[in-house]
Number of protein chains: 2
Amino acid sequence: MAGKGLLLKADPIAAAFRDEVKASLSNAPRRPRLVGILATSSSPSKFYAEFTKKQCEELGFDFVLKKTGAADTGDLGEGEGVEEAIIEANEDPNVDGIMVYYPIFGAQQDHYLQQVVSPYKDVEGLHFKFHYNLYHNIRFIDPQSLASSGVPSVASAGVIKGEEPPAGTVKSIIPCTPLAIVKCLEHVGVYNKILPYGDRAYGRTITVVNRSEVVGRPLAALLANDGARVFSVDIDSIQEYTKRPRTSVERLYHPRHVVHPCNATLQECLALSDVVVSAVPAADYKVKTEWLKDGCVCVNVAADKNFENDVRDKASLYIPAVGKVTILMLLRNLLRLQQYTSSGRRPAS
Amino acid sequence: MAGKGLLLKADPIAAAFRDEVKASLSNAPRRPRLVGILATSSSPSKFYAEFTKKQCEELGFDFVLKKTGAADTGDLGEGEGVEEAIIEANEDPNVDGIMVYYPIFGAQQDHYLQQVVSPYKDVEGLHFKFHYNLYHNIRFIDPQSLASSGVPSVASAGVIKGEEPPAGTVKSIIPCTPLAIVKCLEHVGVYNKILPYGDRAYGRTITVVNRSEVVGRPLAALLANDGARVFSVDIDSIQEYTKRPRTSVERLYHPRHVVHPCNATLQECLALSDVVVSAVPAADYKVKTEWLKDGCVCVNVAADKNFENDVRDKASLYIPAVGKVTILMLLRNLLRLQQYTSSGRRPAS
């Protein structure tokens, strides 16, 4: 197998976070409770719910699975009762985190449900407030600000000075799948620790295939906010995300990525890319190995494999799945949200 | 042309609202300013922007068109700068309402943008808070509640007692396209004024073809909240929306529609329907005239005609477009939002 790149499963990456999460848990004011809401008969969702339960129990979290809709016994339809289940968990003071097993109704209606989850219990980081902070590279927040419907004004967005939150602020919640991918890329050295925090992906060119609001767009923004040049590839367009300002207007922005149209083809993007992340939810979609830059890092995020079997003929590293890291990011978010509350920063209602 | 139903253009329906809007405008504390944000090169969007401008100017509103992205001169891409333009309008105290010409990036990313618009300036009613109120049949709100990210608890949702908001509350904003359709149906007698407010569509069966978060689902919910039995038809499923509780659990809810799975076919739904509303954004989609119930009311909401040329062989009334009513609903929302602010109910920031 000479010349073949390394196959890297997520387990060793997850291991470090498992230790971190265990340590944080031992300092928690009480055992955090996560409610999982399963509202469909989908096998992958059911499987993921069981996986969450197992992980929670192994680590010492309290996990309650709430079944409704077609997941419940009786003759309810797909998704029936899911909104009521979320509202009940929002209002239950014993619940610290809520995770909903999507997809349920399709992207649009699911997006509505994601806003129903209280941001104080949103372990998945799918609430608009967290997306807004991510897109605007607002890393530290006053937890009270989550109680307001408004968006932070540009003037109040602090400039990043270091990795630790300034007094009176906490780290914002980052959607757990994009965050898990960033953690994998940190682990394999795509992030350069000799560079200053907030710019450690500078110098890297990364292609992200998929531009959904759940994975692709937040991931492209995170990577570009960290300094990378990112090609965001969707079914009908390619965009370039970069933090390096090109115009005088861009120089006035709070330092964060901007998006430019891009005329390059996927083949041209891949030829330039040190890293390729693919998250296309289609069994027949494959990134062509022959288009990859020799020695690149490939990360598959889709349930179906988006890379060809011979991907390691070109890739120096191939990570076939990130789910085991994602669940740890979710539990890390859960501990952080509990902290927002127990530090007395969260409003009473 | 014996036996042919009536063709009803939206103009006479719009006329009554035009008078109402003019009267409200004459009582406004100052001329309300609407900012339209055009960020794409799309011809229908450009056309609609010009239409808004013309309507505003005729009626005496202040309209400012802000062009960015591919709508602007220069070499910006589709949608570039739209989020910054929204934020600027949010922060400008001279702006009372913001309207964004969608589609820009596609449903998911556009949904994100809809949350960036301040609910205090959201004339289109596309913010999550307004959708939540609509789905939960919460008609009257404390305008202060728009400042909070949380959703109203079920306990605080008032029961409808009448058409006028109780002291300390104002009417919630309703998304303008679904609202325009309801107003058309009121005009043609689908709503029965002899029934109590909040239940005036009781006894009507209505099919709504399309279940997007912008038109179809809010419309189905509005009609069912008003008492109608609604079939909500999407490309891959049919659901039934009804306010009449069937189970003991449903009887405990704040009175509002619930959704049930439905095994009927479109043909079976249409055979039962007194009203058919279609909003499918596809030129080749047509509701079959032969499937319509004799004497029904048909409303086309799509840019392309969703009904066959012979629709009036079966329909007693056919409304081919509602855009002229929609713009008046938007201006009505603008006046209402200005009232939220000028009554001192809106928070300072």
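Keep in mind that what you see is a predicted model, and the values were worked out from it rather than measured. (Residues numbered from 1 in each chain as written. Chains lettered and ligands numbered in written order. Predicted model: local features only at pLDDT ≥ 70, side-chain atom pairs only at ≥ 80, totals over all residues. Heavy atoms only, no water.)

1. Details of the pattern of salt bridges
Residue and element names in this part refer to chain A. In plain terms, the rule: When a carboxyl oxygen of Asp or Glu lies within 4 Å of a side-chain nitrogen of Lys or Arg, that pair is called a salt bridge. Comment: elements are numbered from the N terminus, with helices defined as DSSP H or I runs of at least four residues and strands as E runs of at least two. Here's how the labels work: a residue is buried when its accessible area is under 20% of the maximum for its type, exposed when over 50%, partly exposed in between, all with a 1.4 Å probe on protein chains only.
One pass over the structure, following the stated rule, counts 34 salt bridges over all chains. Of the charged contacts in the structure, one is a salt bridge between Lys4 and Asp313, with a shortest N-O distance of 3.4 Å. With Lys4 in the segment before β1 (6-7) and Asp313 in the loop between β12 (297-300) and β13 (317-319), this residue pair connects regions lying 309 residues apart in the sequence. What makes Lys4 partly exposed here is its relative accessible area of 35%. Among the residues examined, Asp313 registers a relative accessible area of 41% and is labelled partly exposed. We note a salt bridge from Asp96 to Arg30, for which the minimum N-O separation is 3.2 Å. Taken together, the residues Asp96 in the loop between α3 (82-91) and β4 (97-100) and Arg30 in the loop between α1 (11-26) and β2 (33-38) connect sequence positions 66 residues apart. Taking relative accessible area as the criterion, Asp96 reaches 8% and is therefore assigned buried. When salt bridges with common partners are traced through the structure, they connect Arg18, Lys54 and Glu58 into a single cluster.

2. Here we look at the UniProt feature "domain: Tetrahydrofolate dehydrogenase/cyclohydrolase catalytic" (unreviewed entry) in chain A
Quick reminder of the rule: UniProt positions are given in the numbering used here, feature names are shortened, and annotations may be inferred rather than shown by experiment.
The UniProt feature table records "domain: Tetrahydrofolate dehydrogenase/cyclohydrolase catalytic" (unreviewed entry) at residues 8-124 of chain A. Between the end C-alpha atoms of residues 8-124 of chain A there is a gap of 25 Å, over a span that is 45% helix and 14% strand.

3. Overview of the sheet that holds strand β4 (residues 97-100) of chain B
Paired through backbone hydrogen bonds, the strands of a sheet run either parallel or antiparallel to each other. Residue and element names in this part refer to chain B. Threshold: When DSSP locates at least two bridges between a pair of strands, those strands are taken to pair. All axes here are fitted lines through C-alpha atoms, helices being fitted over the stretch that makes contact, and every angle between N-to-C directions spans 0 to 180 degrees. Here, residues are in contact when the closest pair of their heavy atoms is within 4.5 Å.
A sheet is described by the order of its strands in space; here 3 strands give the open sequence β3-β2-β4, paired in parallel fashion. At either margin of the open sheet sits one strand with a lone partner, and together these are β3 (62-67) and β4. Between one strand axis and the next, the sheet turns by 20° as a mean value, whatever way the strands run. Bridge count between strand β2 (residues 33-38) and β4: 4 bridges; the pairing is parallel. If you follow Ile37 over to β4, its bridge partner there is Val100. Set on the sheet, helix α3 (residues 82-91) makes contact with β2, β3 and β4; between it and β4 the angle comes to about 165°.

4. A look at the sheet that holds strand β7 (residues 205-209) of chain A
The 8 strands lie next to each other as β1-β13-β12-β11-β7-β8-β9-β10 (chain A), forming an open sheet whose pairing is mixed. On the outer flanks of this sheet lie β1 and β10 (258-261) of chain A, each paired with one strand and no other.

5. Re the relation of the copies chain B and chain A
Applicable threshold: For this overlay, a least-squares fit was computed on C-alpha atoms, restricted to residues scoring pLDDT of at least 70 in both copies.
Each copy superposes on the other: chain B lies on chain A with an RMSD of 0.0 Å after a rotation of 180° and an axial shift of 0.0 Å. Taken together, the rotation angle and the small translation identify this as a two-fold axis.

6. Quick notes on α3 of chain B
Within α3 of chain B, 7 of the 10 residues are buried, which leaves the element mostly enclosed by the surrounding structure. Along α3 of chain B, the residues classified as buried are Val82, Glu83, Ala85, Ile86, Ile87, Ala89 and Asn90 of chain B. In this structure, the buried side of α3 of chain B is in contact with α5 (128-135) of chain A together with β2, β3, β4 and α4 (107-116) of chain B.

7. Looking at the pairing of strand β8 (residues 229-233) of chain A
Residue and element names in this part refer to chain A. With 4 of 5 residues buried, β8 is to be regarded as a mostly interior element. Of the strand pairs in this sheet, β7 and β8 are connected by 5 bridges, and their pairing is parallel. In the strand pairing of β8, Thr207 is matched with Phe231. Across 4 bridges, the pairing between β8 and strand β9 (residues 238-242) is antiparallel. Paired with Val230 across the strands is Tyr241, a residue of β9. Remark: 4 residues form the turn of the hairpin made by β8 and β9, two consecutive strands paired antiparallel.

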